[in-house]
Amino acid sequence: PFVLLVSFQSHDYPYDYEQLSEDERLVIRFSHVVGEDTPKGMAARKFAELVKERSNGYIEVQVFSNGTLYKDGEEMNALSRGDIQMIAPAISKLTNYVPEISVYDLPFAFHSLDEVHEFTDSEAGEILTDQLKEHNLYAIGLWDSGFKQLSNRIRPIQHYDDLKNLTMRIMPSDILAKQFTVLGAFPKEYDFNAVYYELQKKSVDGQENTLTNITSKNFYSLQDYLTISNHGYLGYFVLFNLDFWNSLDNDVKQLLTDTFLEVQQWEWEITKKLNDETLQKIENCQCIELHYLSDEDINSWEEKFNPVYDFYIRKYGDQFIKELPKFRS
Ligand code: LMR
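Residues numbered from 1 in each chain as written. Predicted model: local features only at pLDDT ≥ 70, side-chain atom pairs only at ≥ 80, totals over all residues.

Caption draft 1: Looking closely at the sheet that holds strand β11 (residues 289-292). Ordered in space as β7-β6-β8-β5-β9-β11, the six strands form an open sheet in which the pairing is mixed. Strands with a single pairing partner mark the edges of an open sheet, and in this sheet they are β7 (186-189) and β11. The sheet shows a mean angle of 25° between the axes of neighbouring strands, direction not considered. Pairing between strand β5 (residues 149-152) and strand β9 (residues 225-228): three bridges, direction antiparallel. If you follow N152 over to β9, its bridge partner there is Y225. Taken strand by strand, helix α6 (residues 174-181) contacts β6 (167-170) and β7, and its axis lies near 155° from that of β7. (Pairing = 2+ DSSP bridges. Helix = DSSP H or I, 4+ residues; strand = E, 2+ residues; numbered from the N terminus. Axes fitted to C-alpha atoms, helices over the stretch in contact; angles between N-to-C directions. Contact = placed C-beta atoms within 7 Å.)

Right under this line is the structure:
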């Protein structure tokens, strides 16, 4: 009977639901694979906190970080099965489901995070996220991790030829694989949770990731050189199991959506701040040799990557590529 009351009283959440059992609350299990102090980790906690506060404890988002509940490579199946209700995988990991989504992986596709947000909000972006619904996935929005940088243990990377013959860990995405093969490097796919170990074993020479991932997982302690290349975007679609989402009352959906959008804005801000602070920290620690690409370097790298764009177009057409902000302005 209490549950009935809850649904009639839905808008004002008048009870202290924390006194109730899990069965009487609405529990949303949110699993992710990165550290607590990364943009994704912090945003997940903030989202949970605000949702709890605003629903007076009725909606409880339980956050499991660091792949402790489900690892990278497992979380997607767990979401499909309905064991968990929410995940925020890197977009590259969705390319197995919606291959066209790898437009986000194209090297130098975006020159700023604002461009990523603009594209995601565009009609092309909406078509892409809509396609996730065919896989029982509802994307409530996008969180940034930032732009990827290149680390390795063999040599400094300034010119793209410096990557020749290096073995580089990638996330599962044809476009990321192609990005390295056009440079004569060898891409190797590994789950996030395996990266530290594989770097340590030297089964890969290097990897590409955002600074907060590189430091929070201590990859930089195993690498000698880091190039600030900003060559690719890493961000997340925040996903619900679609059946679960559809089963929610409208007012719950509204509360989750409003809160999410607010947290998304906050997440975009702290990503920039955290990446700047992390770069400062790396500059100060003198624990890894840092290199920066000049504007001139970037121009030549971008040109070198043209075949990756041709490869994408051959596979998936130009419907999405031509909507990238850099080709529209
Ligand atoms: C990676 O696998 O490198 C990233 O997707 C990890 C993450 O979720 O940021």
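Caption draft 2: Layout of unusual backbone geometry. Its identity is not glycine, yet N136 carries a phi of approximately 60°, on the positive side. Along the polypeptide, N136 turns up in the loop between α5 (123-131) and β4 (137-147). The phi dihedral of N165 is positive, around 70°, even though this residue is not glycine. Considering the arrangement of structural elements, one finds N165 in the loop between β5 and β6.

Caption draft 3: Spatial organisation of the nonpolar core. By size, the foremost hydrophobic cluster in this structure holds 83 residues, and its most contacted members are V61, A109, Y236, F237, V238 and L239. Contacts of A109, omitting those with residues within four sequence positions, involve V103, Y104, Y233 and L324. (Core = buried A, V, L, I, M, F, W, Y, C linked by C-beta atoms within 7 Å. Buried ≥ 20, exposed ≤ 12 C-beta atoms within 10 Å, placed from the backbone.)

Caption draft 4: Structural view of the environment of S65. Counting through the fold element by element, S65 comes out in the loop between β2 (59-64) and α3 (75-81). Look at S65 and you get buried, because 20 C-beta atoms sit within 10 Å. Taking the C-alpha atoms as reference points, S65 and I140, 75 residues apart in sequence, are found 19 Å from one another. If near-sequence neighbours (up to four positions away) are discounted, S65 is found in contact with H32, V34, G35, E36 and G41.

Caption draft 5: Highlighting the packing of α6 against helix α12 (residues 306-316). Contact geometry for α6 and α12: axes closest at 9 Å, N-to-C directions at 145°. Read as a crossing pair, α6 and α12 show a hand that is right-handed. Contact with α6, carried on its side by I175, K178 and Q179, involves V308, F311 and Y312 of α12 and no other residues of that element. Taken together, the residues of the contact of α6 with α12 break down into four nonpolar, one polar and one charged. (Left-handed = near helix turned anticlockwise from the far one by under 90°. Nonpolar A, V, L, I, M, F, W, Y, C, P; charged D, E, K, R; others polar.)

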